[in-house]
Amino acid sequence: MKKKHYRIPSTSALQAFESAARHCNFSRAAEELHTSQSAISRHIATLEARLDTSLFDRQRRKRLILTHQGEQFYRAVVSGLDNIQTTMDAIAGTRS
């Protein structure tokens, strides 16, 4: 089997993005993930640099809004994380 190299962000970064997008708030994402707001911010900044685009519109003080690219990335991240979780649940269930 040919070895495939995935050039994707860490699961930590993907979970940080998913939570921040769902809550529209970095602080709430940090609380949910038991980390700091600055860690969430760093993950998002790294993703945005890697994608060379803004994922959030930060013009509003209290609430973040996903950009078009952010919405597109959010759908892909949720789909991927859901797929991983479903597969893990199925495998773990077969060992019961």
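Participant: Report on the overall build of the protein chain, specifying residues and quantitative values.
Facilitator: Looking only at helices and strands, one finds four helices and two strands in the protein chain. Dimensions of the protein chain, computed from the C-alpha atoms along their principal axes, are close to 50 × 30 × 20 Å. Of all 96 residues assigned to the protein chain, the portion counted as buried reaches 28%. A sequence separation of at least 24 residues applies to 46% of the contacts in the protein chain between residues at least 6 apart. Counting only carbon and sulfur atoms, one obtains 51% of the accessible surface of the protein chain, whose full area is about 7300 Å². Once the 15 positive and 9 negative side-chain charges of the protein chain are each reduced to a mean point, those two points are 5 Å apart.

Participant: Any chance you could break down unusual backbone geometry for me, citing the residues and the numbers?
Facilitator: At His34, a position not held by glycine, the phi torsion is positive, near 55°. In this fold, His34 is placed in the loop between α2 (26–33) and α3 (37–51). One non-glycine residue, Asp52, lies in positive phi territory at about 55°. Of note, Asp52 is situated in the loop between α3 and β1 (56–57). On the basis of relative accessible area, Asp52 is assigned to the exposed category, the value being 70%.

Participant: Please provide a residue-by-residue account of α3, values included.
Facilitator: With 15 residues, α3 extends 21 Å between its outermost C-alpha atoms, agreeing within 8% with the 21 Å of an ideal straight helix rising 1.5 Å per residue. If you check which residues of α3 are buried, you get Ala39, Ile40, Ile44, Leu47 and Glu48. Positive phi appears at Asp52, one or two residues downstream of α3, with a value of about 55°.

Participant: Before we move on, can you summarise the side chain of Glu48 with the specific residues and values?
Facilitator: Tracing the backbone through its elements, the reader meets Glu48 in helix α3. Using a relative accessible area of 12% as the deciding quantity, one classes Glu48 as buried. If we skip the residues at most four places from it in the chain, Glu48 touches Thr53, Ser54, Leu55, Phe56 and Arg58.

Participant: Talk me through the packing of helix α1 (residues 11–23) against α2; I want residue IDs and the actual numbers.
Facilitator: Two numbers describe a pair of packed helices, the interaxial angle and the distance between the axes. Axis separation between α1 and α2 bottoms out at 8 Å; the angle between their running directions is 125°. On the basis of their axis angle, the class for α1 and α2 is oblique. Taken as a pair, α1 and α2 cross one another with a handedness that is right-handed. Contacts between α1 and α2 pair Gln15, Ala16, Ser19, Ala20, Arg22 and His23 from the former with Phe26, Arg28, Ala29, Glu32 and Leu33 from the latter. Its residues assigned to classes, the contact of α1 with α2 comprises five nonpolar, three polar and three charged.

Reading guide: rules and limits
Residues numbered from 1 in each chain as written. Predicted model: local features only at pLDDT ≥ 70, side-chain atom pairs only at ≥ 80, totals over all residues. Heavy atoms only, no water. Helix = DSSP H or I, 4+ residues; strand = E, 2+ residues; numbered from the N terminus. Buried < 20%, exposed > 50% of the residue type's maximum accessible area, 1.4 Å probe, protein only. Contact = heavy atoms within 4.5 Å. Areas by Shrake-Rupley, 256 points an atom, 1.4 Å probe, with all protein chains shown as cover. Lys, Arg positive; Asp, Glu negative; His and termini not counted. Charge placed at Lys NZ, Arg CZ, Asp CG, Glu CD. Expected span 1.5 Å × (residues − 1). Axes fitted to C-alpha atoms, helices over the stretch in contact; angles between N-to-C directions. Parallel < 35°, antiparallel > 145°, perpendicular 65-115°, else oblique. Left-handed = near helix turned anticlockwise from the far one by under 90°. Nonpolar A, V, L, I, M, F, W, Y, C, P; charged D, E, K, R; others polar.

All quantities given are derived from atomic positions and should not be read as evidence of function.
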